[in-house]
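# Structural characterization, general
Listed below are the residues making up each chain.
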Amino acid sequence: MSKHIIVLIDNSYSMNIYKHNLFDSLNRMIDGHRQSQYIFSLIMFNENMTYIFKQVPFSRVKNIEEKEFEFSGMTALYDVVGNLFNELYYTLDHPTTLFIITDGDDNNSKNYTKQNVNDMIKIGEQHAWTFIHCDTKWSTLQTTYKMNFNNDNLETLFDSLTI
């Protein structure tokens with residue numbers, strides 16, 4: 001089975017100022033992997049989680065148009081990571097890289113806590129998963145540390161969208 005690349009993008013209101021650079025970087029990453037055998041998922045989230053692509057071969061992924069997306073709402077980061085982890089738990093032994101792109105911390109989760117997510121990340125890293133927190137600015141890297149990401153996987157948004 002091919003490696004699964006999941007990009008989880010915060011599309012809460014505060015991310016609107018990063019929209020152009022975000023989609024430019026994302027499209028460069030997509031273009032760079034079209035010939036790969038990887039499987040790709042793109043998920044936008046605020047209080048809700050919406051699949052744009054779900055387990056699609058990179059060769060079939062179209063470039064993203066920024067005009068297609070509205071940025072609104074708040075950031076339910078813990079809920080989205082928790083829901084995604086539970087949805088994909090059966091693939092823990094399948095090589096997966098999860099990029100989480102956000103400009104800050106959780107401010108709206110109702111079902112999962114920081115500790116729940118920390119535990120899930122530890123379980124995933126013990127298997128075949130890699131978690132990369134792609135922050136829009138270094139000043140919010142506190143989120144990465146709070147969520148227990150492996151420090152070797154710290155990246156910034158504009159340098160990180162390559163594999």
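A brief structural summary. As the structure is a computational prediction, the values presented were derived from the model and not from experiment.

Counting across every chain of the model gives one cavity of 30 Å³ or more. Roughly 40 Å³ of internal volume is contained in the largest cavity. Lining the largest cavity, in full, are Val-81, Leu-84, Phe-85, Leu-98, Val-117, Met-120, Ile-121, Trp-129 and Phe-131. Of all the secondary structure elements, the ones that give two or more residues to the lining of the largest cavity are helix 2 (77-87), helix 3 (114-126) and strand 5 (129-135). Residues belonging to the lining of the largest cavity are distributed by class as follows: nine nonpolar, no polar and no charged.

Right, let's talk about the nonpolar core for a bit. Grouped together as the largest cluster of nonpolar side chains are 24 residues, with contacts concentrated most on Val-7, Ile-9, Leu-26, Phe-40, Leu-42 and Ile-64. Here this core gets five residues from one element, more than from any other, and that element is helix 1 (residues 19-32). Those residues in contact with Ile-64 that sit more than four places away from it in its chain are Phe-23, Leu-26, Asn-27, Ile-30, Leu-42, Phe-53 and Phe-69.

Under the definition given, this model contains four salt bridges. Residues Asp-24 and Arg-28 are paired through a salt bridge, measuring 3.3 Å at the closest nitrogen-oxygen approach. Separated by four residues within a single helix, Asp-24 and Arg-28 lie in helix 1, roughly one turn from each other. Between Arg-34 and Asp-31 there is a salt bridge, and its shortest N-O distance comes to 2.9 Å. Accessibility expressed as a relative area gives 22% for Arg-34, which makes it partly exposed.

Tallying each qualifying case throughout the model produces seven aromatic pairs. Consider the rings of Phe-85 and Tyr-89, whose centres lie 5.8 Å apart with planes at 65°: the pair is edge-to-face. The exposure class of Tyr-89 is partly exposed, given its relative accessible area of 45%. The ring of Tyr-38 has Lys-3 sitting right over it, with the charged end atom 6.0 Å from the ring centre. In this structure, Lys-54 is placed above the aromatic ring of Tyr-51, and the distance from its NZ or CZ to the ring centre is 4.7 Å.

Turning our eyes to something else, we now look at helix 3. The end-to-end C-alpha separation of helix 3 is 18 Å, in line with the 18 Å expected for 13 residues at 1.5 Å each. Those residues of helix 3 that fall on the buried side of the exposure criterion are Val-117, Asn-118, Met-120, Ile-121 and Gly-124. Down the axis of helix 3, the smallest arc covering the buried residues is 165°, so these residues share one side.

Let's shift gears to the pairing of strand 3 (residues 49-57). The pairing of strand 2 (residues 39-45) with strand 3 spans six bridges and is classified as antiparallel. Counterpart to Leu-42 in the pairing with strand 3 is Phe-53. Where strand 2 folds back onto strand 3 in an antiparallel hairpin, the turn is made up of three residues.

Moving on, we come to the environment of Asp-24. Asp-24 sits in the partly exposed class, given a relative accessible area of 38%. For the pair Asp-24 and Glu-65, spaced 41 residues apart in sequence, the C-alpha to C-alpha distance is 9.1 Å.

What counts and how
- Residues numbered from 1 in each chain as written.
- Predicted model: local features only at pLDDT ≥ 70, side-chain atom pairs only at ≥ 80, totals over all residues.
- Heavy atoms only, no water.
- 1 Å grid on protein atoms, 1.4 Å probe; cavity = no way out; pocket = protein on both sides within 12 Å on 5 of 7 lines; lining within 4 Å.
- Points joined across faces, edges and corners; volume = space filled by probe spheres on them.
- Helix = DSSP H or I, 4+ residues; strand = E, 2+ residues; numbered from the N terminus.
- Nonpolar A, V, L, I, M, F, W, Y, C, P; charged D, E, K, R; others polar.
- Core = buried A, V, L, I, M, F, W, Y, C linked by side-chain atoms within 4.5 Å.
- Buried < 20%, exposed > 50% of the residue type's maximum accessible area, 1.4 Å probe, protein only.
- Contact = heavy atoms within 4.5 Å.
- Salt bridge = Lys/Arg side-chain N within 4 Å of Asp/Glu carboxyl O.
- Phe/Tyr/Trp six-rings, centres within 6.5 Å; stacked < 30°, edge-to-face > 60°.
- Lys NZ or Arg CZ within 6 Å of the ring centre and 35° of its normal.
- Expected span 1.5 Å × (residues − 1).
- Arc of directions from axis to C-beta.
- Pairing = 2+ DSSP bridges.

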